[in-house]
Amino acid sequence: MSTSFDLGDEEAGMKVLEDLTKNVKQMQDNILQDILTCNANTEYLRGFLKGRTDKDLFKKNVPVVNYKDVRPHIERVANGEPCDVISSRPITQFLLSSGTSGGVQKMMPCNDKLSANFAFTNDMRMLVTSREVDGAENGKGMMFFFIKPEIKTPCGLPARAATTSYLKSDHFKNRPSNWYYSYTSPDDVILCPDNKQSLYCHLLCGLVQRDEVVRVGSFYASVVVRAIKFLEDFWTELCSNIRLGQISDWITDLDCKKSVYPILGGPRPELADEIEQICSQKSSWEGILTRLWPKTKYIETIITGSMAQYVPTLKFYSNDDMPLVSTVYGSSETIFGINLDPLCKPEDVSYMLMPNMLHYEFKPMDGNLADDEKIVDLADVKLGCSYEPLITTSSGLYRLRVGDVLNVTGFRNDAPLFRFVRRENVVLSVDMEKTNEEELFNAVNKAKPLLESLGLMLIDFASYAETSAIPGHYVLYWELGGKNKEGKPPIDPKVLEECCFAVEESLGDVYKRCRSKDRSAGALEIRVVLNGAFDSLMDFFVSQGASIGQYKTPRCIKCAKALEVMEKRVVARFFSKKCPSYELRL
Ligand code: AMP
């Protein structure tokens, strides 16, 4: 069956999609066979299969692995060894994840086939959206796309974020000239390496073309929220630029500036007045998206998983009047799937995993079934059950655990649809960074000696991701006791501020990048709580049915009532006064 179609031919596209949903088992078998045949002689597979390509043997002999298990093989290729350590097909670049594992970014091999998958998935997203949203094709998208710096691996190939790779790809550069790929911002704005200048210019272009904007978006919801917050801080300057037809001097990226001038189109005092009037109208920014960009049909951005916390803010900015369309589920390993029902409610979003791009297996996550014996294929997952996907790709990943938990919510023909449940073991996230329990523990431990120097000790702690203000930040509740019998010595604010900083310094690279470079995470805060606060927290959970015997302090508090228990007992607040050091490294 064909997996390409003419973008102008909707019916042909729908036929391709329909075929994908009807031939799941066959397609998955074919994909696995292709991968095994092609890669049987790689060093990695030879070690388990001795050159054989049989699927049952693959499942029997090739182990289920985590990233840390395959990392040495990937690094060997990145360091210049031939790619047939893991893949017979040439590796063209490495994709850096934002998900942290032990605080280090993951680096995934990528080849031409994977890049083609990105393109195919985008075409499918466009197809599905244009069928569902009326008038989406009658204007442009104000899409907040950004690139991040990339590095060259010792073998000379680039290592970069998956989104950066897509935005720098030939597919993006030579994208078709249709509505889905038509943006208010020129490519030089998207590709500007300075994210602040880029964001300013995105907004300038979007404001000038406000009557043409039919959709607003970004890859992840946190970015749209940040963009609106930025607008709140910069709208007077933006209006002044529009009024005078001049771009602010601090926009120093020449390509970016040169590309925006023609869009600005000289002095536009009337337009500047209109925008100024809207932005200064109300003290609150409720509905600002609707008022500034009145023709917007929908907001296109990922709103599931850790991004779900931004749904209320997006609804607030859009008067709850624009559908939030979460079209894609993917990662640096590969793109996984698309949402076939883009106008559904945020809580109902499910994704169909594309059966033609890679091979999936699923590790059951319900009850005690989490053993490798029970691993099933894509065609065999059961409605209502939760699984962790394991992926095998053409680029050299074999039975790799993705680390996400998905729940089967239904089927389109034979193709299962999955709701994103959670990332395994992530407790805190305010933007692209993900901090797990172990990382949080280690970071808090690093700050303890500072407390001890004051004669204080940490009795208990919990955390939560405060995202009601932008940027979001990490909040730690600390209950402190005196180390000595004499009682609790006074708290020195400077030392507590240092504690905040010590925790931040010990968090992962991606956190530090968000905090120090992207400014998408605010200063970490410690809220000192009254003695006995954690007992009250336990009492609260016990009153809700938790067993005292099995009670564990939740390291991240997600329940509003439990947060209230802690908030009532806060006696002092301290913020980190410095940004943690950040260096892009593998
Ligand atoms: P990264 O490898 O840094 O791109 O992060 C990939 C991870 O981001 C996935 O494994 C998911 O945990 C999360 N993610 C990506 N897309 C979605 C989505 N649509 N909904 C929820 N989480 C997502």
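Residues numbered from 1 in each chain as written. Predicted model: local features only at pLDDT ≥ 70, side-chain atom pairs only at ≥ 80, totals over all residues. Heavy atoms only, no water.

1. Regarding the overall build of the protein
Definition in use: Elements are defined by DSSP. Helices are runs of H or I of four residues or more, strands are runs of E of two residues or more, and each kind is numbered from the N terminus. Here's how the labels work: a residue is buried when its accessible area is under 20% of the maximum for its type, exposed when over 50%, partly exposed in between, all with a 1.4 Å probe on protein chains only. Two residues form a contact once any of their heavy atoms are found within 4.5 Å. By the counting scheme adopted, Arg and Lys are positive, Glu and Asp are negative, and His together with the chain ends is not counted. To locate a charge, take atom NZ for lysine, CZ for arginine, CG for aspartate or CD for glutamate.
A tally of regular secondary structure across the protein gives 20 helices and 23 strands. Seen through its principal axes, the protein has C-alpha atoms that stretch 75 × 65 × 50 Å. Here the protein holds 586 residues, and the buried ones make up 56% of them. Long-range pairs, those at least 24 residues apart, make up 67% of the contacts in the protein between residues at least 6 apart in sequence. A gap of 3 Å separates the mean positions of the 71 positive and 79 negative side-chain charges of the protein.

2. Here we look at the sheet that holds strand β22 (residues 525–529)
Strands belonging to one sheet form pairs held by backbone hydrogen bonds; the direction of such a pair is parallel or antiparallel. Worth spelling out the cut-off: We treat two strands as partners when DSSP finds at least two bridges between them. A fitted line through C-alpha atoms serves as each axis, taken over the contacting stretch for helices, and the angle formed by two N-to-C directions is quoted from 0 to 180°.
As summarised here, the arrangement of the four strands in space is β20-β21-β22-β23, forming an open sheet in which the pairing is mixed. Each having just a single partner strand, β20 (456–466) and β23 (570–575) make up the two edges of the open sheet. Within this sheet the neighbouring strands show an average axis-to-axis angle of 25 degrees, counted without direction. Note that β20 and strand β21 (residues 473–482) share ten bridges and pair antiparallel. Considered in β21, the bridge of F461 is made with W478. Those strands touched by helix α17 (residues 493–506) are β21, β22 and β23, and its axis lies near 60 degrees from that of β23.

3. Notes on the pairing of strand β5 (residues 158–161)
Of the pairings in the sheet, the one linking strand β4 (residues 151–152) to β5 comprises two bridges and is antiparallel in character. Across the sheet, I151 pairs through a bridge with A159, a residue of β5. Adjacent in sequence and paired antiparallel, β4 and β5 are bridged by five residues, among which G156 carries a positive phi angle near 95 degrees.

4. Looking at the sheet that holds strand β6 (residues 213–220)
Pairing within the open sheet is parallel, and its four strands lie in the order β3-β6-β7-β8. The sheet is open, and its two borders are formed by β3 (140–143) and β8 (324–325), each paired with just one other strand. Pairing geometry for strand β7 (residues 298–302) and β8, over two bridges, is parallel. Within β8, the position partnered with E300 by the bridge is V325.

5. A closer look at the environment of E505
In this fold, E505 is placed in helix α17. Placed 74 residues apart in sequence, E505 and C579 show a C-alpha to C-alpha distance of 8.3 Å.

6. Details of the environment of R519
Let me state the cut-off plainly: Polar contacts here mean pairs of N or O atoms no more than 3.5 Å apart (in protein, one a potential hydrogen donor and the other a potential acceptor; neighbouring residues in sequence count only if both atoms are side-chain atoms).
Tracing the backbone through its elements, the reader meets R519 in the loop between α18 (509–517) and β22. Sequence spacing of R519 and I470 is 49 residues, and the spatial spacing of their C-alpha atoms is 9.9 Å. Ignoring anything within four residues of it in the chain, the contact list for R519 reads R226, P471, R513, C514 and C579. At a separation of 3.4 Å, a polar atom in the side chain of R519 contacts the main-chain carbonyl oxygen of S516.

7. So, the pattern of salt bridges
Filter applied, for reference: For salt bridges, the criterion is a side-chain nitrogen of Lys or Arg within 4 Å of an Asp or Glu carboxyl oxygen.
Counted under the stated rule, the structure contains 33 salt bridges. The closest approach of N and O atoms between D518 and R513, which form a salt bridge, is 3.4 Å. The burial state of D518 is the same as that of R513; both residues are buried. Residues joined by salt bridges that share partners form a network here, namely E525, R527, E567 and R573.

8. Description of the domain arrangement of the protein
The condition is simple: Each domain's limits were defined by an automated method or a database of domain assignments.
Partitioning the protein into domains gives domain 1 (17–113 + 329–423), domain 2 (134–322) and domain 3 (427–575). One C-alpha centre belongs to domain 1, the other to domain 3; they are set 35 Å apart.

9. Observations concerning the packing of helix α10 (residues 195–208) against helix α11 (residues 221–244)
Our working rule: For classification, angles of less than 35 degrees are called roughly parallel, those exceeding 145 degrees roughly antiparallel, those between 65 and 115 degrees roughly perpendicular, and all remaining angles oblique. Crossing handedness follows the turn of the near helix against the far one: under a right angle anticlockwise gives a left-handed crossing, and clockwise gives a right-handed one. The nonpolar class holds Ala, Val, Leu, Ile, Met, Phe, Trp, Tyr, Cys and Pro. Asp, Glu, Lys and Arg form the charged class, and all remaining residues, Gly among them, are polar.
In the contact formed by α10 and α11, the axes pass within 10 Å of each other and the chain directions differ by 65 degrees. Here α11 runs roughly perpendicular to α10, going by the angle between their axes. Between α10 and α11 lies a crossing whose hand is right-handed. Between α10 and α11, the residues in contact are K196, L199, Y200, L203, L204, L207 and V208 and A227, F230, L231, F234, E237, L238, N241 and I242, respectively. Across the contact of α10 with α11, the residue classes tally to twelve nonpolar, one polar and two charged.

10. Here's the deal with unusual backbone geometry
A cis amide bond links I470 with the next residue in sequence, P471, at an omega value of -5 degrees. Tracing the backbone through its elements, the reader meets P471 in the loop between β20 and β21. Positioned with a positive phi, K50 is a non-glycine residue whose angle comes to about 50 degrees. Within the secondary structure, K50 is located in the loop between α3 (43–49) and α4 (55–61). A relative accessible area of 66% places K50 in the exposed class. Backbone geometry places D320, a non-glycine residue, at a positive phi of 55 degrees. Tracing the backbone through its elements, the reader meets D320 in the loop between α15 (311–317) and β8. What makes D320 exposed here is its relative accessible area of 53%.

11. Notes on the environment of D539
Position of D539 among the secondary structure elements: in helix α19 (residues 533–543). A relative accessible area of 48% places D539 in the partly exposed class. Sequence-wise, D539 and M107 are 432 residues apart; in three dimensions their C-alpha atoms are separated by 44 Å.

12. Observations concerning the state of the cysteines
We count it as follows: Cysteine sulfur atoms are paired as a disulfide whenever they fall within 2.5 Å.
One pass over the structure, following the stated rule, counts zero disulfides. No disulfide involves C556; its sulfur sits 11 Å from that of C559, the nearest cysteine.

13. Thoughts on helix α5 (residues 67–78)
Put simply, the rule is: What the arc describes is the spread of directions from the helix axis to the C-beta atoms.
Along α5, the positions that sit buried rather than exposed are Y67, V70, I74, V77 and A78. Each buried residue of α5 lies within a common arc of 95 degrees when the element is viewed along its axis, so the set occupies one face. The positive-phi residue at the C-terminal boundary of α5 is G80, with phi of around 115 degrees.

14. Some remarks on the packing of aromatic side chains
Quick note on the threshold: By convention, a stacked pair of Phe, Tyr or Trp rings (six-membered ring in the case of Trp) has centres within 6.5 Å and planes under 30 degrees apart, an edge-to-face pair has planes over 60 apart, and any other such pair is tilted. Whether a charge sits over a ring comes down to the Lys NZ or Arg CZ being within 6 Å of the ring centre and within 35 degrees of the ring normal.
Evaluated as defined, the whole model comprises 24 aromatic pairs. Pairing Y360 with F362 gives two aromatic rings, centres 5.9 Å apart and planes at 20 degrees, and the pair type is stacked. Accessibility expressed as a relative area gives 1% for Y360, which makes it buried. An aromatic cluster of at least three residues, connected via ring pairs, comprises Y329, F336, Y351, Y360, F362, Y387, F418 and F420. The aromatic ring of W250 is capped on one face by K196, whose charged end is 5.0 Å from the ring centroid. The residue whose ring lies beneath R555 is F461, and the NZ or CZ to ring-centre distance is 4.6 Å.

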